[in-house]
Each structure stands twice: as structure tokens, then as C-alpha cells.
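These are the residues of each chain, in order.
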Amino acid sequence: MDIKQVLQARANRRTRIEQPFANFLEMVQQCIAAGDLVLSGSVDSKVVVLIERSAVISTVTAIEVYYRDILDFIFRYCSPKFFEPHLKQLYPEKYDISDLLEVYRHQVHPLELVSAYQSFQNIERIDKVFSKFLSKGGLWDNVLQLQVRVKDSPSTESSFTHDDLLALKRLFDLRHELVHDPARSAFFTEQTVADIWSATSMIFGSDLLLTQVIQANRDPELANKADA
């Protein structure tokens, strides 16, 4: 157990606003802007590879942060009976008394350990974790079934596609390759920026779905406090 990592995650979370998707979108828009500059030839050739790598790695980091933050929202706002049945699967670690004393000294909530333990570095892991909170089917299956009406044009509907999911997977794969194969170059194309946009669509769909889940399973005590 790395208490320092848990405490750092807590400190970092406090610097972000209480809107996981808004935090994600702010960061990914910067990555897309950087990608557009690279493709337009507006970046100094001495740093272009660095900017390319940064745009991809930062996009995936933003995705990971989003899913960790939305998991934290489930723990903070949903009724315990909704998520407690899944905790042993999400966090199978066991500790001795010295570890528990360390947790107590630093006033770490057990659910902070669960959040910090998660790794959202591929679409399979994301699906495995969040499918536990859905009544039927996997996360991606449910997102792909969503239909979104466009504001001021109720007859127009937008949906999420399997191609969007494949784009998200390509980004995770590319990020893994860039981190573990730093010699790679000439990888950044218009398709890379298109993949970032498609991945953003899938995160948006996730947010629509998981926000509904949180609202449907909101802790009654929190709701009573809000109405008071």
C-alpha cells in the first residue's frame, strides 16, 4: 500500500473542479489544439516530436483521470448498498495491522484506497469496473445504445459508434507504445486527432450514462440534506 500515492491523489483531486467531464474536456481540448498546430506545421521542428507525444499521452491521462474521478463520485454520492457489494472485487488487497495503523494515522478513507488502486489504462479495464454498476450489459455496450437529441433540434439524434470505441482503443495502444518504445516517430497524423475526437465522444457517452446511474442511486441522506 502506497499511502503517499493515495494522499497525492487526494491533493490532486482537490485542485480540480467538481465536474469530471469538464476537467477532462479542458485538458483534451489543449491536446487537440496542440495536434492541430503540429499538423499545420506551426511547431518548431526541434520540439515537434515532444509535442506529438505529449498530446497523445496527456489525452490518455485525461481519460484515466476522468474515470477515476467519476468512480470517486459514485462512492461519494451513491447509497452504500449500491456499491458495497462490488468492493471486494474492485479491491482484493488485504492488510496487516501495521498497514491499518498507517491508514488511521493519515486519516485515509477506505474508499480512497479503492479509487487509487484502479488502473484505467485500457478499454477492457474501464469496462470491467463500471459494468459492475450497471443493471445489464457492459459499459461500452450501453454507451453504444445511447441516443442523444441535439439541442434546439429535437428531430436530430446523435449516437455513439463502434468506430468511436476502436479509436479509443487505438489511443490507449498508441500511448502504451510511445511510453515503452520512445524511439518511435512519424506516428502523428490527421487520424490521430480524429481518434482523439472520437475518444472524447465515448467519454461523453460514458458521462451521460454514469451520471444517470449516480442520480438513480443517490444516497437518500444526501438528497434529504439538499432539500433541507
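In the block above lies the structure referred to throughout.
Our subject in this report is the structure included herewith. For clarity, every value in this text was computed on a predicted model and none was experimentally measured.

## Comments concerning helix H2 (residues 20-39)
In step 1: Between its terminal C-alpha atoms H2 stretches 29 Å, which fits the 28 Å expected from 20 residues at 1.5 Å a residue.
In step 2: Regarding H2, the residues found buried are Pro20, Phe21, Asn23, Phe24, Val28, Cys31, Ile32, Ala34, Gly35 and Val38. Down the axis of H2, the buried side of the element spans an arc of 160 degrees, and every buried residue falls inside it.
In step 3: Next to the buried residues of H2 lie helix H3 (48-77) and helix H11 (190-216).
In step 4: Taken from the residues just after H2, Gly41 is the one with a positive phi, measuring 75 degrees.

## Comments concerning the pattern of salt bridges
In step 1: Under the definition given, this model contains four salt bridges.
In step 2: With a closest N to O distance of 3.6 Å, Arg175 and Glu64 form a salt bridge. Of this pair, Arg175 sits in helix H10 (residues 162-180) while Glu64 sits in helix H3, and the two are 111 residues apart along the sequence.
In step 3: Of the residues examined, Arg175 reaches a relative accessible area of 17% and is grouped as buried.
In step 4: Note that Arg76 and Asp72 form a salt bridge whose closest N and O atoms lie 3.2 Å from each other.

## Description of the packing of H10 against H11
In step 1: Where H10 contacts H11, the two axes come as close as 8 Å, and the packing angle between them is 115 degrees. For H10 against H11, the interelement crossing comes out left-handed. Of the residues in H11, those in contact with Asp164, Leu165, Ala167, Leu168, Arg170, Leu171 and Leu174 of H10 are Gln191, Thr192, Asp195, Ile196, Ser198, Ala199, Ser201 and Met202.
In step 2: For the contact of H10 with H11, the residue count by class is eight nonpolar, four polar and three charged.

## Topic: the environment of Val213
In step 1: With respect to the secondary-structure elements, Val213 resides in helix H11.
In step 2: Val213 sits in the buried class, given a relative accessible area of 9%.
In step 3: Those residues within four positions of Val213 in sequence are excluded, and the remaining contacts are Phe82, Phe133 and Leu134.

Basis of the calculations
- Residues numbered from 1 in each chain as written.
- Predicted model: local features only at pLDDT ≥ 70, side-chain atom pairs only at ≥ 80, totals over all residues.
- Heavy atoms only, no water.
- Helix = DSSP H or I, 4+ residues; strand = E, 2+ residues; numbered from the N terminus.
- Expected span 1.5 Å × (residues − 1).
- Buried < 20%, exposed > 50% of the residue type's maximum accessible area, 1.4 Å probe, protein only.
- Arc of directions from axis to C-beta.
- Contact = heavy atoms within 4.5 Å.
- Salt bridge = Lys/Arg side-chain N within 4 Å of Asp/Glu carboxyl O.
- Axes fitted to C-alpha atoms, helices over the stretch in contact; angles between N-to-C directions.
- Left-handed = near helix turned anticlockwise from the far one by under 90°.
- Nonpolar A, V, L, I, M, F, W, Y, C, P; charged D, E, K, R; others polar.

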